[in-house]
Amino acid sequence: MRIGELAGLVGVSTRAVRHYHHLGLLAEPERRANGYREYGLRDAVELARLRRLTELGLGLDEVRDVLADDSGRELDEVLAELDADLARQEEEVRRRRGRLAALRRQAEQHGGLWAEGPVSDELAAVFGEMARTSAARPGPEPAMAAKEREVLALMESMAGGKEGSRVVALLQEATSTPGAMERTYEVYGLLDALATAAPDDPRVAQAARALAECIPDSVFAEVGGEDWERAAGPGTDDGLIAAYYAHFAPAQAEAVRQAIRLVAERAR
């Protein structure tokens, strides 16, 4: 048989046959006087085995290991490893499909996904409440609200797992009391008004007091007093905290810092 006949018989391409020769997975056959390879039934048997092994999902290095062990023990081991790997992949695909299904449900419930997403269903519910509150107010949504969603999505991602769920649970608790979200949006408006103000603007203290009043006891009780003090301190060497303050205009950052100081005093 010529190479094309062999490839057609087994159901692979001639390029694959040449590649197997190049890798040493398929022995080179005798050549005729005219230089053409002459394949026999044994070559077809070996090539068919190669095809079956690759169709199982084995890589070519694994196929080489299988072919090197005539007793077949290596094949048993490789197949067991392959089965375990496929089981892990299957579980990962199942988990990812579940996450995608949850995101599609979010999109249906809220008329689309949040720009800050993907987020958990619980955080999406908070964002939905924010959207309803904003829609009930005159004018456009405060820019600070969008910044808040960005930070909340980041916090959930950083915490992850049970810690992330705890962060969102605290947030839901803080915003679930009657009028809480409305007061929060009033604070967003106060902070938006500081976008071009100086850090010593008298409105900074007003915004700080309003922001501190929006943080319930359950939230600052969850965080240690030292953490509140560290977050409120000027010139902190904590890169994340420094980046957090840099996310705001100077007067806004000062208002947030003063609010955290007020919360820290309550925690003492």
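Residues numbered from 1 in each chain as written. Predicted model: local features only at pLDDT ≥ 70, side-chain atom pairs only at ≥ 80, totals over all residues. Heavy atoms only, no water.

Regarding the overall build of the protein chain
For the protein chain, the count of helices and strands is 14 helices and zero strands. Along its sequence from the N terminus, the protein chain presents helices and strands in the succession α-α-α-α-α-α-α-α-α-α-α-α-α-α. In the protein chain, of all internal contacts separated by at least 6 residues, the share reaching a separation of at least 24 is 56%. Split by element, the accessible area of the protein chain, about 16,000 Å² in all, is 53% carbon and sulfur. (Helix = DSSP H or I, 4+ residues; strand = E, 2+ residues; numbered from the N terminus. Contact = heavy atoms within 4.5 Å. Areas by Shrake-Rupley, 256 points an atom, 1.4 Å probe, with all protein chains shown as cover.)

Some remarks on the pattern of salt bridges
If the charged atoms of two oppositely charged side chains come close together, the side chains can form a pair. A full pass over the atoms with the stated rule returns eleven salt bridges. Note that Glu254 and Arg257 form a salt bridge whose closest N and O atoms lie 3.5 Å from each other. Highlighted residues: Glu254 and Arg257, both in helix α14 (residues 250–267), separated by three residues, approximately one helical turn. Relative accessible area serves as the criterion here: at 18%, Glu254 is assigned to the buried category. Under the relative-accessibility criterion, Arg257 is labelled buried at 14%. When salt bridges that share partners are traced, they join Glu254, Arg257 and Arg261 into one network. (Salt bridge = Lys/Arg side-chain N within 4 Å of Asp/Glu carboxyl O. Buried < 20%, exposed > 50% of the residue type's maximum accessible area, 1.4 Å probe, protein only.)

Here we look at the packing of aromatic side chains
On inspection of all chains with the given rule, the structure shows three aromatic pairs. Ring centres of Tyr244 and Phe248 lie 5.1 Å apart, and the angle between their planes is 90 degrees; this geometry places the pair in the edge-to-face category. A relative accessible area of 27% means that Tyr244 is categorised as partly exposed. Members of the aromatic cluster, connected to one another through ring pairs, are Tyr244, Tyr245 and Phe248. Of note, Arg257 hangs over the ring of Tyr245, and the distance from its end group to the ring centre comes to 4.0 Å. (Phe/Tyr/Trp six-rings, centres within 6.5 Å; stacked < 30°, edge-to-face > 60°. Lys NZ or Arg CZ within 6 Å of the ring centre and 35° of its normal.)

Topic: helix α3 (residues 41–55)
Taking 1.5 Å of rise per residue, the 15 residues of α3 would be expected to cover 21 Å, and the 21 Å separating its terminal C-alpha atoms lies within 8% of that figure. Along α3, the residues that are buried comprise Asp43, Ala44, Leu47, Leu50 and Leu53. Positive backbone phi, at 105 degrees, marks Gly57, one or two positions downstream of α3. (Expected span 1.5 Å × (residues − 1).)

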